[in-house]
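Report on the structure
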Amino acid sequence: MIEELDFAQASQDDRHGLYEVVAAWVVEDGREPPLYEACVARWENRDELGFEASRFMVAREAGTIIGYVQVQVSEAEANAHLALATVVVLPEHRRRGIGTALLGSMRSLLAGQTVIESWSVVEGTPAEQFAAARGFRVVTSMTRQKLVLGELPEVGALPPGYELVTWNGAAPDELVEAFVEGLNAMADAPFGETALDDAHNTVESIRQAEAEAVADRWVVLLLHKGEVAGVTVVERNSVDTTVAEQLHTVVLPAHRGKGLGRLIKASMLHNLTGVERIFTRTSSENEHMLRVNHSLGYQDLYIYKAVQAKTADLQP
Ligand SMILES: CC(C)(COP(=O)(O)OP(=O)(O)OC[C@H]1O[C@@H](n2cnc3c(N)ncnc32)[C@H](O)[C@@H]1OP(=O)(O)O)[C@@H](O)C(=O)NCCC(=O)NCCS
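Now for a description of the structure that goes with this document. Keep in mind the model is a prediction, meaning the values are calculated, not measured.

**Quick word on helix α3 (residues 98-105)**
Most of α3 sits out of view: 7 of its 8 residues are buried. When α3 is considered as a whole, its buried residues turn out to be Ile98, Gly99, Thr100, Leu102, Leu103, Gly104 and Ser105.

Shown next as C-alpha cells:
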C-alpha cells in the first residue's frame, strides 16, 4: 500500500519508521548514520537552497513503513520547474517493484514541476542501476568530503587591496548586497547539466532565510576595494553542534588564480567555535576546489551522482 504521509501530523511510530528506513540505507552504504533529530530538522525545514519542507509518499507492509519517496519543491521562480526526489526501500524489500511504485506515486505531490532530480545516487550502489532502469540520466557527479578539525591551517597574507569580513548570523545591512552578489556568482561553478538554479538569491530571500534559520551560520566575505571578490558559508548542524557543513564557496572570476579560495576557507576554519568535524560537497569535475579542500585536510568520502528525468516520462 502506498499513501501520503504528512510528516508534521505523523505519529511518533511513523516518524521513527521513516527514520529507520533512511538509517538502514546510510549504514548499508558505510556512511555515518544521521541522528534522528537531525533528520527531523532537515525534513521539517526549508533547505539552504530554498526548497520547502519535505513531502512523503510511503509504502507500508502490515502498517510498518518499508519505503518512501521524499519530494521537495521550491517556491522560488528560478526552481519552479524542478522537484527533488529521493526513493528509499528497506534492503529486505527490494527488487519487488516498490521503488518503482514509489517513484510513480510522487506525481500526486507535484504541482506542475516538469523535471525531477535526485541528488543522492551514491556511486557503486543499486541506486545507479535503479535510476538507469527508470530512465534517469546522470547530470553531474559530486564528491563528499570530511575534515576533522585539529591544528588549524595558516590563513596566509592577503594580497594588497583585499579585506576579509566575517560574521555569524545575519549579514550586516551594509554588506548584505555584496553577500548576495557573491552567492549568486555560484552560477558559474561546474554542476553539469543540472536544472537546479543555485544563484537566485536576493536581499529579501537572504533576510527570510536568516529569520527562519534553525542553525548557526558563519560567513567570510572577501572584499576588494569595497567590492565583493569572494564568499564562503558554513552552517553548524542544529542538532549535533560539533558538526558543520561547508556550503557555498566562490571567488569571483576577476580574482581567481591568487590562492584566495583557499585563503577564505582557511580563514573560515578559525571562526568555528565548538566544531570538530566539517563535511562538504564539491563537483567531482571541480579539480581546483577539490585540491583546495585536500590542502586544508579534507578527505574524500564517496562520490554521488545527480540524476534527472522529465516528469512526463515517469512510469505510472
Ligand atoms: C534504489 C532503490 C530505491 C530501488 O528500490 P527497489 O524497490 O529495489 O526498486 P525496483 O524493485 O522498483 O527496481 C526497478 C528496477 O531497477 C533496477 N534495479 C534496482 N535495484 C537493482 C540492483 N540491485 N541491481 C541491478 N538492477 C537493479 C532493475 O532494473 C529493477 O527492475 P527488475 O527488478 O525488474 O530487474 C533501493 O535499492 C534503495 O532503497 N537503495 C538505497 C536508497 C538509494 O540509494 N536511493 C537513492 C536513489 S533516489
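Now that the structure has been shown, the text picks up again.
**Observations regarding the site of the ligand**
As a structural note, the neighbourhood of the ligand is formed by 20 residues, with Val87, Val89, Gly97, Gly99 and Thr100 the closest of them. In this structure, a nitrogen atom belonging to the ligand sits 2.8 Å away from a main-chain N or O atom of Val87. Contacts to the ligand include Arg94, whose side-chain N or O atom sits 3.3 Å from an oxygen atom. Compared with its free state, where it exposes 920 Å², the ligand has 79% of that area covered by protein. Elements with a minimum of two residues in the shell around the ligand: β4 (82-89), α3, β5 (115-122) and α4 (126-133). The leading source of residues in the shell around the ligand is α4, at 5 residues. Class assignment of the residues belonging to the shell around the ligand gives a composition of 9 nonpolar, 7 polar and 4 charged.

**A word on the side chain of Ser74**
Inspection of the secondary structure puts Ser74 in the loop between β3 (64-73) and β4. Under the relative-accessibility criterion, Ser74 is labelled buried at 7%. A polar atom in the side chain of Ser74 sits 3.0 Å from the backbone nitrogen of Ala76. Beyond its immediate stretch of four places on either side in the chain, Ser74 contacts Gly50, Phe51, Asn79, Ala80 and Leu82.

**Thoughts on the packing of aromatic side chains**
For the coordinates displayed, the defined rule picks out 8 aromatic pairs. When the centroid spacing of 5.6 Å and the interplanar angle of 85° are considered together, the rings of Phe56 and Tyr68 count as edge-to-face. In this pair, Phe56 sits in strand β2 (residues 55-61) while Tyr68 sits in strand β3, placing the two residues 12 residues apart along the sequence. Note on accessibility: Phe56 and Tyr68 belong to one class, buried.

**So, the pattern of salt bridges**
Tallied over the entire structure, the rule returns 20 salt bridges. Ionic pairing is found between Glu4 and Arg55, a salt bridge with its closest N-O pair at 3.2 Å. On the criterion of sequence distance, the pair formed by Glu4 in strand β1 (residues 2-5) and Arg55 in strand β2 is long-range, its members being 51 residues apart. Of the charged contacts in the structure, one is a salt bridge between Glu123 and Lys305, with a shortest N-O distance of 3.8 Å. Of the two residues, Glu123 is situated in the loop between β5 and α4 and Lys305 in strand β12 (residues 299-310); the sequence distance between them amounts to 182 residues. Given the relative accessible area of 16%, Lys305 is considered buried. Salt bridges sharing common partners tie together Glu32, Lys146, Asp240 and Arg277.

About the criteria used
Residues numbered from 1 in each chain as written. Predicted model: local features only at pLDDT ≥ 70, side-chain atom pairs only at ≥ 80, totals over all residues. Heavy atoms only, no water. Buried < 20%, exposed > 50% of the residue type's maximum accessible area, 1.4 Å probe, protein only. Helix = DSSP H or I, 4+ residues; strand = E, 2+ residues; numbered from the N terminus. Near = heavy atom within 4 Å. Polar contact = N/O pair within 3.5 Å; in protein donor to acceptor, adjacent residues only side chain to side chain. Areas by Shrake-Rupley, 256 points an atom, 1.4 Å probe, with all protein chains shown as cover. Nonpolar A, V, L, I, M, F, W, Y, C, P; charged D, E, K, R; others polar. Contact = heavy atoms within 4.5 Å. Phe/Tyr/Trp six-rings, centres within 6.5 Å; stacked < 30°, edge-to-face > 60°. Salt bridge = Lys/Arg side-chain N within 4 Å of Asp/Glu carboxyl O.

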